[in-house]
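Here's the letter readout for the chains.
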Amino acid sequence: MLASQETKVAYEVNGPLNLTEIAGWLRESDPRRLEALWRRADRVRQQNVGAQVHLRGLIEFSNYCVRRCAYCGLRAPNRRIERYRMPPDEILECVHQAVAFGYGTVVLQSGEDLAVTTDEIANLVRRIKRETNLAVTLSLGERAVDEWAAWREAGADRYLLRFETSNRELYHRLHPPRNGRDSDRMVMLSSLRRLGYEVGSGVMIGIPGQTYDDLARDIAWFAELDLDMIGVGPYLVHPETPLADERAYLPAAGDDQVEASEAMTYRVIALARLVCPRANVPATTALATLNRRNGRELGLQRGANVVMPNLTPPRYRALYEIYPEKACLAETASACHGCLATRIRNLNREMGQGRGDSPNRARRKD
Ligand code: SAM
Ligand code: SF4
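Residues numbered from 1 in each chain as written. Chains lettered and ligands numbered in written order. Predicted model: local features only at pLDDT ≥ 70, side-chain atom pairs only at ≥ 80, totals over all residues. Heavy atoms only, no water.

J.: I would appreciate a short explanation of the packing of aromatic side chains in the present structure.
T.: Each aromatic ring pair is specified by the distance between its two centres and by the angle formed by the two planes. Throughout the structure, instances matching the rule amount to six aromatic pairs. Seen from their ring centres, Phe101 and Tyr103 are 5.6 Å apart, and the 40° between their planes marks the pair as tilted. The class for Phe101 is buried, based on a relative accessible area of 19%. On the basis of an interplanar angle of 75° and a centroid distance of 5.8 Å, the ring pair of Tyr159 and Tyr197 is categorised as edge-to-face. Taken as a pair, Tyr159 in strand S4 (residues 158–160) and Tyr197 in the loop between helix H8 (185–194) and strand S5 (198–205) lie far apart in primary sequence, 38 residues in all. Pairwise contacts between aromatic rings join Trp148, Tyr159 and Tyr197 into one cluster. If you follow Arg85 out to its NZ or CZ, it ends over the ring of Tyr64, 4.1 Å from the centre. Lying across the ring of Tyr197, Arg152 places its NZ or CZ 5.8 Å from the centre. (Phe/Tyr/Trp six-rings, centres within 6.5 Å; stacked < 30°, edge-to-face > 60°. Buried < 20%, exposed > 50% of the residue type's maximum accessible area, 1.4 Å probe, protein only. Helix = DSSP H or I, 4+ residues; strand = E, 2+ residues; numbered from the N terminus. Lys NZ or Arg CZ within 6 Å of the ring centre and 35° of its normal.)

J.: Looking at this structure, I do not really get the packing of helix H9 (residues 212–224) against helix H11 (residues 262–275). What am I missing?
T.: Contact pair H9 / H11: the axes reach a minimum separation of 9 Å and the direction vectors enclose 35°. For H9 against H11, the interelement crossing comes out right-handed. Contacts between H9 and H11 involve Tyr212, Leu215, Ile219, Phe222 and Ala223 from the former and Met264, Val268, Leu271, Ala272 and Val275 from the latter. Tallied by class, residues from the contact of H9 with H11 come to 10 nonpolar, no polar and no charged. (Axes fitted to C-alpha atoms, helices over the stretch in contact; angles between N-to-C directions. Left-handed = near helix turned anticlockwise from the far one by under 90°. Contact = heavy atoms within 4.5 Å. Nonpolar A, V, L, I, M, F, W, Y, C, P; charged D, E, K, R; others polar.)

J.: Help me understand the pairing of strand S6 (residues 229–234), please; the structure alone is not making it clear to me.
T.: On a regular strand, each side chain points to the face opposite its neighbour's, so the side chains alternate between the two faces of the sheet. Buried residues dominate S6, accounting for six of its six residues. Alternating residues of S6 divide into Met229, Gly231 and Gly233 and Ile230, Val232 and Pro234, and every residue in both groups is buried. With H9 bridging S5 and its parallel neighbour S6, the resulting β-α-β unit is right-handed. (Right-handed = clockwise from strand over helix to strand, strands pointing away.)

J.: Mind showing me how you'd approach the site of ligand 2 here?
T.: Residues in contact with ligand 2, as listed here, are Cys65, Arg67, Cys69, Tyr71, Cys72, Leu74, Arg75, Gly111 and Glu112. Taken together, the residues that form the shell around ligand 2 break down as five nonpolar, one polar and three charged. (Near = heavy atom within 4 Å.)

J.: What am I meant to see in the pattern of salt bridges here?
T.: Any two side chains of opposite charge can pair, given that their charged atoms come close. By the definition in use, this model includes 24 salt bridges. Here the salt bridges do not stand alone but share partners, grouping Lys129, Asp157, Arg158, Glu198, Arg355 and Asp357 into one network. (Salt bridge = Lys/Arg side-chain N within 4 Å of Asp/Glu carboxyl O.)

J.: I would appreciate a short explanation of the site of ligand 1 in the present structure.
T.: Near ligand 1, the surroundings consist of 17 residues, among which Tyr71, Ser110, Arg162, Glu164 and Leu236 are the closest. At 2.9 Å, a backbone N or O of Tyr71 approaches a nitrogen atom of ligand 1. Here an oxygen atom of ligand 1 and a side-chain polar atom of Glu164 are 2.6 Å apart. Here ligand 1 loses 93% of its free accessible area of 550 Å² to cover by the protein chains. Partitioning the shell around ligand 1 into residue classes produces 10 nonpolar, five polar and two charged. (Polar contact = N/O pair within 3.5 Å; in protein donor to acceptor, adjacent residues only side chain to side chain. Areas by Shrake-Rupley, 256 points an atom, 1.4 Å probe, with all protein chains shown as cover.)

J.: Hey, could you run me through the environment of Asn360 in this one?
T.: Positionally, Asn360 belongs in helix H16 (residues 359–365). The class for Asn360 is buried, based on a relative accessible area of 3%. Separated by 132 residues in the primary sequence, Asn360 and Asp228 have C-alpha atoms spaced 6.6 Å apart. Reaching out from Asn360, the side chain makes a polar contact with the backbone oxygen of Leu227 at a distance of 3.5 Å.

J.: Just to check I follow, could you spell out the confidence of the model for the protein for this structure?
T.: Any residue range with low pLDDT should be treated as having predicted coordinates unsuitable for detailed reading. Residues with a pLDDT of 70 or more make up 94% of the protein, whose mean pLDDT is 92. Ignoring residues within four places in sequence, the model shows residues 1–13, a span with pLDDT below 50, making 33 contacts including any to other chains. (pLDDT = per-residue confidence, 0-100.)

J.: Would you explain the state of the cysteines in this entry?
T.: Between two cysteines, a covalent bond joining their sulfur atoms is known as a disulfide. Considering all chains together, one arrives at zero disulfides under this definition. Looking at the unpaired Cys339, the closest cysteine sulfur is the one in Cys328, lying at 6.1 Å. According to the relative accessible area criterion, Cys339 is partly exposed, its value standing at 30%. (Disulfide = S-S within 2.5 Å.)

J.: Hey, could you run me through H11 in this one?
T.: Along an α-helix, residues three or four positions apart point the same way, because every turn accommodates 3.6 residues. For H11, spanning 14 residues, the distance from its first C-alpha to its last is 20 Å, which sits close to the expected 20 Å at 1.5 Å a residue. When you tally the buried positions in H11, you get 12 out of 14 residues, the bulk of the element. Taken as a whole, H11 has its buried residues at Met264, Thr265, Tyr266, Arg267, Val268, Ile269, Ala270, Leu271, Ala272, Arg273, Leu274 and Val275. (Expected span 1.5 Å × (residues − 1).)

In structure tokens:
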């Protein structure tokens, strides 16, 4: 249980934000007040993490998954997608593109693919570390603590695991246990922290059954967990999932149901910045999918400081279909790079230099 929700989530600019106030901002619709929220988040971003926008090259190296998450197109029972797993040499080619584009980090992401062994991932991380100066982020789902330890030992720097929602009952409906074993992602995030990873997490916005109070508590959890990275994006319906027929599977929460909208995503990005001023916060692809023209730019102007150009070879990208009609599906890595670099320049922001480590790391060492 979150011990000090009413007092701890405090960022002293114009006074602390407690749970009630966070929920109030989530429901806010007055454009002038929202404009003030965007300005405040942008100011806090500038004061705490500066003008740089860090680029994290994303490699979606396998779409095999043993899980049955009710929201995701990669879930094991979905027989309608063709599965792929990139061989290590092909992954390394993408990694070297990240170096050529000047990125500081690669993010290796996949479904929970248990056919990729602990040693294979450890060897991959070692090779990346030997051949480049890149920071390595892993996003491979729920794996055993000794696997996380082995990858950390091999040189992995960061781990991303969204807790998706802090409402336990909703979480269990969305994320059925595997082999009858319950998972507690808050405990997993603490294990990752103990192992010395920079820890990233986050939630989907507007998943059926999510209330405003749930989402306010999620944001409070960002501060409680002292996250280094916070990834949030709208829930987007995938037709081959149980949630696509939400009334049958999981009813929405009536008047309290959070919308899976672009506008709600900006509110959550801004509030995430206010409760965790020094965190790295991406403007996500899911947001760009709702507003291809300038969703990322607006995210970057309302608290975000990271973007994740896609390095996955185009022939695999369409198969990594967690939701349909993802933004930038057909782009090559170099087109993605050019497009994002132009967008960052047009905002008068700087391309991040170096690895873009969490500023919290230095504080924790003190
Ligand atoms: N398998 C790993 C995991 O679950 O952590 C990493 C890959 S998973 C595809 C990455 C994230 O995609 C999940 O944490 C979830 O928040 C997001 N996601 C999955 N299905 C989605 C959907 N339908 N709409 C929006 N985001 C979704
Ligand atoms: Fe698998 Fe991750 Fe999708 Fe769940 S969210 S089905 S673990 S890829």
